[in-house]
Amino acid sequence: MLFNSIEFLIFFPIVVTVFFLLPHKFRRYFLLAASCYFYMSFIPKYIIILLCTTLIDFFGALGVERARDAGRKKLSKAAFLVAILLNVGMLVFFKYLGLLEDTINFFGHMIDMRTVVLPEVVLPIGISFHTFQSMGYLIDVFLGREKAEKNFIDFSLFLMFFPQLVAGPIERSTNLFSQLKEEHFLCYSDISYGGKMMLWGMFKKVVVADNLAILADAVFNHVESFSGMGLVVGVLAFTVQIYCDFSGYSDIAIGAARCMGIHLMKNFDMPYFSQSVPEFWRRWHISLSTWFKDYVYIPLGGNRVSKPRWCFNQLVTFTISGIWHGAAFTFVAWGALNGIYIVISRFLKPIREKIKSAVGLTPGHLLSNTMAMLTTFTLISLSWVFFRANSFADAFYVFGNLFTKTTYDFAHIADFRIYTALAVPLLLFLVEALMTVPQVVEHYNARTPVAQVVRIASYALLLFIIIIFGAYDNKSFIYFQF
Amino acid sequence: MQNKHELSALPRVILKGIIVVAIGLSLAFGMNAAMQHFLDAEVEAVKEANTRAAERAALLEDALRAAEGEASAAILEAQIAIAKREQEENFYQRYKHRNNYQALGQFYEMHFNTYSADTILIGTSRAEYGINPKYLEEAMPERSWFNFSLDGTNPEYYVKWWEYFLESGYPIPDTIVYCVDWFMCDTNWLWRRISNDASPSGALGTVLQLRKSTSPAVPEAPAPDVSFDAEGILPQEESEQSRETEEERPEFSLFNLDATIDYLFNRIPIIYARDRIPEMIAFYLNGAKIALPEDNDISDELAKIEEMLQNTEIPEMPVYEHERQVDQNGSITSTYYKGHIVREKNYTGARSNRTFSDNERQWQYFEQLLDTFESHGIHVVFVEPPEYSKGRYINGDRNSTAMEDCNDRIRAIAEERGITFLNYNGELASAEINEDYTKFFDWGHLNGQGSILFSTRLAEDLKAYFSTLDNPS
């Protein structure tokens, strides 16, 4: 079931109520059962895949730790490699088989090789997320940062905890294990915060993202009908859509977990207000970025290496990130482009500082900050073209026609939808901008009667906006393809 | 550190939640009431216009009965046809902004009978987009054509649709061109529901509301009893089930969330008519009034008829040019013609996978439908519109024979009943259409260019077929 569905609206209050009614010792079993039910509501038989991952990593981690404790380092390493390979193998089989087939045939046809036909497999929901979550755990156990979990139920719950099961945040065992084991009590602040996060996440997803999707899809599914500002609208629409879609989902996940007293990690920190591409990647999909930093970038040497090697590390990390996002070479290009941005950003930084000081723009100057923000936003928006385009040809068409004469064809979209799609991002921007002003936040959260009335009115208005302006075509979250 | 539940906070949480939901829902219900009022006012305005048109038509009919001489009768008949055509045009202008206008147009024809078609087409979206009656009537002007094909229809749908058809009073056609599809009995694929169409927000429901007129010329059409007679249908065998039939899946059920949500969303105006919020706002800014057509006054109609009869020329049918209008699905509303509509989408010929699962009960409905047509003395022809031959595989299998197997079954039924089966994916397939993806907007649906090509070809084949019927050798 999707978060923006009636099923979840019924499922979630029941789960929270039963969770708090149950004695603590039974809660883990109940949560695990609820999480299994949640996952099976998509494709029931794919619970077997999740179970396989759970078994591989549970016993794999135990084997790694026991072998290491017994002084058998080679066996420990072998167990670790086998478990990792099995995880990666499952990911490749379910997610990248089609890409593999296309790649083999692309090169095979050059040498007149027969067409290779690999089996078609339906992508299990959230496989990239839970695989990375469990691989992170395995790596932590192998490196001795984490002790192997000995209770299968606790481990299963760590992997399958339903709020973050299918689209993150990708949690670390150090954060989640202890929380899932400790007893949680019904707490007003948790329920209040969790409810607000879920409402706000629903607004971002159902109202902003799904309405912008109508514009973005219109452009990217028929790029040849657009040019100039028509393409700019499409690119900007997708830029905001992907943020709201994914951060909205994360907000709902974080809010849902918080209602039960569990604190999931923050996954987005207003990334489009970033003033540089490196800053953007510290604020966007934080759980995945930190995963790649800790398990790919740092093992490669991080930034404690020569400059050429650092460049290589960044490019490899971001290219792999691109591959993780999608089984198509356009995603690889997107990842690589962001890697190039990071590399160039570092080399240009001294030049930027010199220019700024030459024109009298001190750090923190409003104009300097605004320009930096706009530049970063533009670069990131352009990189999203590769992410969203259906092919390289489409992507290059967009780049080549962004600054030509404007043509567009939104005739099939109702005016109401267009107005909504253009207006709600402004509302979103306004609210998020206000939330960066401490005085506004302080007044909004005050315990005064006026502030209470304002809060209740704002929640009610948000609910009204979701009901009236939400797009209810059950569109899956963008990141569900992962 | 907290070590017990904050039960004292529970009432506060619940109370706040109730207040938030109550305020939010109140705002939504308020807007819903405003939308309902707007929609009612719109229906009243169209009914008003229709009533005038019906009264005008009644006067013309009276004049026709009293007419002396063939010339006068011919003029009056032409004028009646023109009046109906104008009425249809008014309907188009009022509803052209709606999604899937073709469904509205078809149910309008069913209940207001502009064309009195004696040859109708039924089938799925492949016939809806693929067959343009204009080319059929050019080849066979002695017949009057109308395309009643709709997306997502299966045999069960048409069994129930037929009940509404009979109740509408539309003349029984002498020929039905049944545009079969090899996958027509897969209810995961085709699951249109007449109950949704008949809901207040549905195309049929909208037209039925229009028929509730005070004019005696347009009697109120009662909702037919579509409770299904199960006697003619074999009990469902225990076999792998695809999506349930409409009978198996009730319109509303507390235990079936999908059905419940569909039911609710189709009945809450602010949800199903949300796209019309700007029109609603304009309505209230205009003093909550909808302007009626200018020629709404028929007090001088008799004088106009007298004047018309002074002429000897038979008036010509008006031809309306429509500004390009596209709906949210990409269907070009302005191309609508007698049930057919064009859709354009960029299709690169990429192969996609479809899952397929037959529903045996749909085959039983299919046979029942054919029995029904036979009992009315209707002549039936099967036509399977072409699909792009390299556009899809079934259940992941590039060599699937599902299409051939289903078509064999259709062929067997056709042979048993003496029905001709024109299969444009089999013996009548052509490289010009079936192997050219530029004629399609996806693997199974012809685009504008493809529908012209196919309709022209089908017209020739049907013409040859009908001529053998008329002149059996």
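Residues numbered from 1 in each chain as written. Chains lettered and ligands numbered in written order. Predicted model: local features only at pLDDT ≥ 70, side-chain atom pairs only at ≥ 80, totals over all residues. Heavy atoms only, no water.

**Q** Teacher, can you tell me more about the overall build of chain A here?
**A** When its secondary structure is counted, chain A shows 19 helices and 0 strands. Over its C-alpha atoms chain A spans a radius of gyration of 24 Å, differing by no more than 12% from the 23 Å that the globule rule assigns to 482 residues. Projecting the C-alpha coordinates of chain A onto the three principal axes gives extents of approximately 70 × 65 × 50 Å. When the 482 residues of chain A are sorted by exposure, 54% land in the buried category. Long-range pairs, those at least 24 residues apart, make up 76% of the contacts in chain A between residues at least 6 apart in sequence. Between the mean site of the 39 positive side-chain charges and the mean site of the 31 negative ones, chain A shows a separation of 9 Å. (Helix = DSSP H or I, 4+ residues; strand = E, 2+ residues; numbered from the N terminus. Rg over C-alpha atoms; globule rule 2.2 N^0.38 Å. Buried < 20%, exposed > 50% of the residue type's maximum accessible area, 1.4 Å probe, protein only. Contact = heavy atoms within 4.5 Å. Lys, Arg positive; Asp, Glu negative; His and termini not counted. Charge placed at Lys NZ, Arg CZ, Asp CG, Glu CD.)

**Q** I would appreciate a short explanation of the overall build of chain B in the present structure.
**A** On a plain count of helices and strands, chain B comes out with 16 helices and 11 strands. The buried share of chain B, reckoned over its 473 residues, is 51%. Looking at chain B alone, contacts between residues at least 24 apart form 79% of all its contacts between residues at least 6 apart. With an accessible surface of roughly 22100 Å², chain B has 52% of that area assigned to carbon and sulfur atoms. (Areas by Shrake-Rupley, 256 points an atom, 1.4 Å probe, with all protein chains shown as cover.)

**Q** Could you clarify how one ought to interpret the layout of surface pockets in this entry?
**A** Rolled over the atoms, a probe as big as a water molecule pinpoints where empty space is left. In this structure, the second largest pocket occupies an estimated 1100 Å³ of space. Looking at the second largest pocket, it is lined by 38 residues, and the ones nearest its centre are Met197, Trp200, Val431, Met435 and Tyr444 of chain A. (1 Å grid on protein atoms, 1.4 Å probe; cavity = no way out; pocket = protein on both sides within 12 Å on 5 of 7 lines; lining within 4 Å. Points joined across faces, edges and corners; volume = space filled by probe spheres on them.)

**Q** Help me understand helix α1 (residues 6–21) of chain A in this model?
**A** Residue pairs three or four apart in sequence face the same way in an α-helix, which turns once every 3.6 residues. Residues and elements named next belong to chain A. Here α1 spans 23 Å end to end across 16 residues, near enough to the 22 Å set by a 1.5 Å rise per residue. When we look at burial in α1, the residues that qualify are Phe8, Phe11, Phe12, Val15, Val16, Phe19 and Phe20. For α1, the buried positions fall inside an angular range of 145° around the axis, keeping them on one side. Away from its buried face by more than 90 degrees, α1 exposes Leu9 and Leu21. In the core, the buried residues of α1 are packed alongside α2 (24–40), α9 (188–220) and α10 (229–259). (Expected span 1.5 Å × (residues − 1). Arc of directions from axis to C-beta.)

**Q** I keep staring at the pattern of salt bridges and nothing clicks. Help me out?
**A** Opposite charge on two side chains makes pairing possible when the charged atoms of those side chains draw close. Evaluation of the coordinates by the stated rule reveals 33 salt bridges over all chains. Here Asp294 of chain A makes a salt bridge to Arg172 of chain A, at a shortest N to O gap of 2.9 Å. Taken together, the positions of Asp294 of chain A in helix α12 (residues 286–297) and Arg172 of chain A in the loop between α7 (152–160) and α8 (173–181) put the pair 122 residues apart, joining distant regions of the chain. Ionic contacts of the salt-bridge type, sharing partners, join the residues Glu42, Arg94, Arg98, Arg276 and Glu279 of chain B into one network. (Salt bridge = Lys/Arg side-chain N within 4 Å of Asp/Glu carboxyl O.)

**Q** What exactly am I supposed to notice about the sheet that holds strand β2 (residues 145–147) of chain B here?
**A** Sheets are built from strands paired through backbone hydrogen bonds, the pairs being either parallel or antiparallel. All names here are of chain B. One open sheet accounts for 5 strands, arranged β2-β1-β3-β7-β9; its pairing is parallel. The outermost strands of the open sheet, each flanked by one partner alone, are β2 and β9 (420–423). Pairwise comparison of adjacent strand axes, ignoring direction, gives a mean angle of 20° for this sheet. Where strand β3 (residues 175–179) meets strand β7 (residues 379–384), 5 bridges bridge the pair, whose relative direction is parallel. Bridging from a neighbouring strand, Tyr178 pairs with Phe382 of β7. (Pairing = 2+ DSSP bridges. Axes fitted to C-alpha atoms, helices over the stretch in contact; angles between N-to-C directions.)

**Q** Looking at this structure, I do not really get the packing of helix α3 (residues 47–69) of chain A against helix α6 (residues 127–142) of chain A. What am I missing?
**A** Pairs of packed helices are described in terms of their axes, by the angle between the two and the distance that separates them. All names here are of chain A. The interhelical angle for the contact between α3 and α6, taken along N-to-C directions, is 10°, at an axis separation of 9 Å. Viewed along their axes, α3 and α6 adopt a mutual orientation that is roughly parallel. Contact residues: Ile49, Leu50, Thr53, Asp57, Gly60, Ala61, Val64, Glu65 and Arg68 in α3; Ile127, His130, Ser134, Tyr137, Leu138, Val141 and Phe142 in α6. When the residues that make up the contact of α3 with α6 are grouped by side-chain class, the tally is 9 nonpolar, 4 polar and 3 charged. (Parallel < 35°, antiparallel > 145°, perpendicular 65-115°, else oblique. Nonpolar A, V, L, I, M, F, W, Y, C, P; charged D, E, K, R; others polar.)

**Q** Got a minute to help me understand the nonpolar core in this structure?
**A** Buried together is how nonpolar side chains tend to be arranged in soluble globular proteins. Core analysis: the biggest nonpolar cluster contains 155 residues, and Phe8 and Trp384 of chain A have the highest contact counts within it. Take this core: its biggest share by element is 17 residues, from α9 of chain A. The contact partners of Phe8 of chain A, leaving out residues within four places of it in the chain, are Met1, Leu2, Phe3, Pro13, Phe38, Phe162, Met198 and Ile252 of chain A. The next biggest cluster of nonpolar side chains, apart from the first, holds 89 residues, and it includes Met110, Tyr336, Tyr365 and Phe421 of chain B. (Core = buried A, V, L, I, M, F, W, Y, C linked by side-chain atoms within 4.5 Å.)

**Q** Help me understand the interface of chain A and chain B in this model?
**A** Contacts between the two partners involve 36 residues from chain A, matched on the other side by 40 residues from chain B. Scanning the region where chain A abuts chain B turns up 0 salt bridges. Taken together, the connections running from chain A to chain B amount to 3 residue pairs in polar contact (both at pLDDT 80 or more). Those elements giving two or more residues to the side of chain A that touches chain B turn out to be α1, α9, α17 (415–434) and α19 (449–469) of chain A. Looking at the side of chain A that touches chain B, the element that brings in the most residues is α19 of chain A, giving 9 residues. (Polar contact = N/O pair within 3.5 Å; in protein donor to acceptor, adjacent residues only side chain to side chain.)

**Q** It is not clear to me how helix α3 (residues 101–112) of chain B should be interpreted in this structure. Could you clarify?
**A** All names here are of chain B. Between its terminal C-alpha atoms α3 stretches 16 Å, which fits the 16 Å expected from 12 residues at 1.5 Å a residue. Burial analysis of α3 places 12 of its 12 residues in the buried class, which makes it a mostly covered element. Following α3 by one or two positions, Asn113 has its phi on the positive side, about 45°.

**Q** What exactly am I supposed to notice about the packing of aromatic side chains here?
**A** To describe a pair of aromatic rings, you give the distance between the ring centres and the angle between the ring planes. Summed over all chains, the structure comprises 97 aromatic pairs over all chains. Centroid distance Phe161 of chain A to Phe162 of chain A: 6.0 Å. Interplanar angle 55°. Geometry classified as tilted. Taking the relative accessible area as the measure of exposure, Phe161 of chain A reaches 0% and is therefore buried. Judged by centre distance (6.0 Å) and plane angle (70°), the rings of Tyr388 of chain B and Tyr437 of chain B are edge-to-face. With Tyr388 of chain B in the loop between β7 and β8 (392–394) and Tyr437 of chain B in the loop between α15 (431–434) and β10 (440–442), the pair connects residues that are 49 residues apart, well separated along the chain. On the basis of relative accessibility, which here comes to 33%, the residue Tyr437 of chain B falls in the partly exposed class. For the cation-ring pair, Arg346 of chain A lies above Trp310 of chain A, with the distance from its terminal atom to the ring centre recorded as 4.3 Å. One Lys or Arg, Arg143 of chain B, reaches over the ring of Phe466 of chain B and ends 3.7 Å from the middle of that ring. (Phe/Tyr/Trp six-rings, centres within 6.5 Å; stacked < 30°, edge-to-face > 60°. Lys NZ or Arg CZ within 6 Å of the ring centre and 35° of its normal.)

**Q** Hey, could you run me through the environment of Ser134 of chain A in this one?
**A** Residue and element names in this part refer to chain A. Relative to the assigned elements, Ser134 resides in helix α6. A relative accessible area of 0% places Ser134 in the buried class. Every residue in contact with Ser134, bar those within four places of it in the chain, is listed here: Thr53, Asp57, Asn87 and Leu159.

**Q** In this structure, what is going on with the packing of α9 of chain A against α10 of chain A? I would like to understand it.
**A** Residue and element names in this part refer to chain A. Contact geometry of α9 with α10 gives a least axis separation of 6 Å together with a crossing angle of 155°. It follows that α9 is roughly antiparallel to α10 by the angle criterion. Crossing of α9 over α10 shows left-handed handedness. Split by residue class, the contact of α9 with α10 holds 26 nonpolar, 9 polar and 7 charged. (Left-handed = near helix turned anticlockwise from the far one by under 90°.)

**Q** How do you make sense of unusual backbone geometry when you look at a structure like this?
**A** Peptide bonds are trans in most cases, and residues, glycine excluded, mostly fall at negative phi. Going from Gly168 of chain A to Pro169 of chain A, the amide bond is cis rather than trans, its omega being 0°. Here Pro169 of chain A is to be found in the loop between α7 and α8. In this structure, Asn113 of chain B takes a positive phi of about 45° despite not being glycine. Its identity as a non-glycine residue notwithstanding, Lys338 of chain B has a phi of 45°, on the positive side. In this structure, Lys338 of chain B sits in the loop between β4 (331–337) and β5 (340–343).

**Q** Would you mind going over the pairing of β5 of chain B with me for this structure?
**A** Consecutive side chains along a regular strand alternate between the two faces of the sheet. All names here are of chain B. Burial along β5 is two-sided: His340 and Val342 and Ile341 and Arg343, pointing in opposite directions, are all buried. The pairing of β4 with β5 spans 3 bridges and is classified as antiparallel. Bridge pairing in β5 links Tyr337 to His340.

**Q** Just checking my understanding: could you explain the environment of Tyr337 of chain B for this structure?
**A** Turning to its location among the elements, Tyr337 of chain B is positioned in strand β4. Distance from Tyr337 of chain B to Arg411 of chain B, taken between C-alpha atoms, is 30 Å for residues 74 residues apart in sequence.

**Q** What is the right way to read the confidence of the model for chain B from this model?
**A** Detailed reading of predicted coordinates is not advised where the pLDDT is low. All names here are of chain B. The pLDDT averaged across chain B works out to 81; a share of 82% of its residues lies at or above 70. Per-residue pLDDT stays below 50 along residues 214–251; that stretch engages in 84 contacts with residues further than four places along the chain or on separate chains. If you check the scores for this complex, the pTM reads 0.74 and the ipTM reads 0.79. (pLDDT = per-residue confidence, 0-100.)

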